[in-house]
Amino acid sequence: MAKVMAVLSSGYVDEENNYVTGWWAEELFAPVLALEAEGHIVGLASPKGGKPVVDPISLSEEYDPEGKYKKLYDSGVADKTTPIVDVKASDYDAIFIVGGHGAMFDLAHNEELHTLINIVYGQGGIVAAVCHGPAPLVYTKLPNGRGLLEGLDVTGYPNNMEPKEVVGLLPFSLEDELSRIANYKAEENEKEYVVWGSEQILTGRDPGSSPLFGKELAKKLTSIEQKQEDKFFD
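What you see is a predicted model; the values in this text were computed from it and never measured.

Student: An account of the environment of Val85 is needed here, citing residue identities and associated values.
Tutor: Looking at where Val85 falls in the secondary structure, it is placed in the loop between strand E5 (82-83) and strand E6 (94-97). Taking the C-alpha atoms as reference points, Val85 and Pro47, separated by 38 residues in sequence, lie 7.5 Å from one another.

Student: Can you explain the sheet that holds strand E1 (residues 3-7)? Please cite residues and give values.
Tutor: Strand order in this open sheet of seven strands is E5-E4-E1-E6-E7-E11-E10, and the pairing throughout is mixed. Among the strands making up the open sheet, the edge pair consists of E5 and strand E10 (194-196). Strand direction decides the pairing type here: strand E4 (residues 41-46) and E5, joined by two bridges, are parallel. Bridging across to E5, Ser46 finds its partner in Pro83. Contacts from helix H1 (residues 25-37) reach E1, E4, E6 and strand E7 (126-130), with the element oriented near 155° to E6.

Student: Describe the pattern of salt bridges, with residues and values.
Tutor: With the rule as written, the count across this model stands at eight salt bridges. The partner of Glu150 in a salt bridge is Arg146, with the nearest N and O atoms 3.5 Å apart. The partly exposed category is assigned to Arg146, whose relative accessible area is 42%. Between Glu216 and Lys219 there is a salt bridge whose closest N-O contact spans 3.4 Å. Placement of the pair is Glu216 and Lys219 together in helix H8 (residues 210-233), with a separation of three residues, close to one helical turn. Looking at Lys219, the relative accessible area reads 52%, which means it is exposed.

Student: Can you lay out unusual backbone geometry for me, pointing to particular residues and giving the numbers?
Tutor: Within the chain, Asn18 stands out as a residue other than glycine whose phi angle is a positive 55°. By the element assignment, Asn18 lies in the loop between strand E2 (12-14) and strand E3 (19-21). One non-glycine residue, Glu187, adopts positive backbone phi at about 45°.

Student: Could you give an account of a nonpolar patch on the surface, with specific residues and numbers?
Tutor: There is a patch of nonpolar side chains on the surface, built from Val13, Val20 and Val53 and spanning about 210 Å² of accessible area. Along the chain, Val13 turns up in strand E2.

What counts, and at which threshold
- Residues numbered from 1 in each chain as written.
- Predicted model: local features only at pLDDT ≥ 70, side-chain atom pairs only at ≥ 80, totals over all residues.
- Heavy atoms only, no water.
- Helix = DSSP H or I, 4+ residues; strand = E, 2+ residues; numbered from the N terminus.
- Pairing = 2+ DSSP bridges.
- Contact = heavy atoms within 4.5 Å.
- Axes fitted to C-alpha atoms, helices over the stretch in contact; angles between N-to-C directions.
- Salt bridge = Lys/Arg side-chain N within 4 Å of Asp/Glu carboxyl O.
- Buried < 20%, exposed > 50% of the residue type's maximum accessible area, 1.4 Å probe, protein only.
- Patch = residues over 30% accessible without salt bridge, like charges linked within 9 Å, V, L, I, M, F, W, Y side chains within 5 Å.
- Areas by Shrake-Rupley, 256 points an atom, 1.4 Å probe, with all protein chains shown as cover.

So this is what it looks like as C-alpha cells:
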C-alpha cells in the first residue's frame, strides 16, 4: 500500500477575458480510481488548500458524457485539499500533478511544489504528471542544478490540441517548454499515450490518457511494494 499525493491547481480567473480554469476532472479521478483499485492511498493538495477550482468544461457532457466524473465531483471527494506548504513530503511514495490549464498558472513556478517534488524524488519516489500537469516539472531543478526532466522522454498536451480561443491567454506553450529541455513525444496516432522517462518519472499526454496513466502508476507502485515485501521476507 503506497501513499500518493495528488496536486491540483487552486484555479485561475481572467475576468477581462471571461476565462476560468483550474484542474481537469478526468485527470484527477481516473488515476485516483486506478490507484485505489490497487489499494493505494491518495491525498490531495493545492497551493491555497481548501476546495480548488475545477475547470467547468471538464464536467461538461462533451468531456464527461456519462457524467461519471461530475458525480464524483458533486460527491465532494475533491473539496478538501491540504496547502502544499503543509504537506509532509517524506510521508509519500509518489506525487502526481493533475492537469488542466490551471497548472500552468499557479503550479508551474510554485517553489513549495518544486521542493515537494524534490523531496519525493530524492527519497526514491515516483514523480508523475498528466496533460498540463508536467508544467511544474519543467521548472523543477534538482539540488545539483540539473533540470528534473533534462534529457528524458516526456509527453504532455500538444500544441495542436490546444483550443485556439485560449492559446493567447496561456502563459507559455507546454509542448515548447518540454521540447526545450527534454525529448518531447506526442505519439498522436496512439489513442492513449504515457511514457516513463526513467524509473521515477511518468508523464501522460492528455485527458484521454488519464486511465492508462493511472494504471501505469498504480502498477509500478504495487510492483515496488511487492519487491520490498519479498526482500523483507528473504
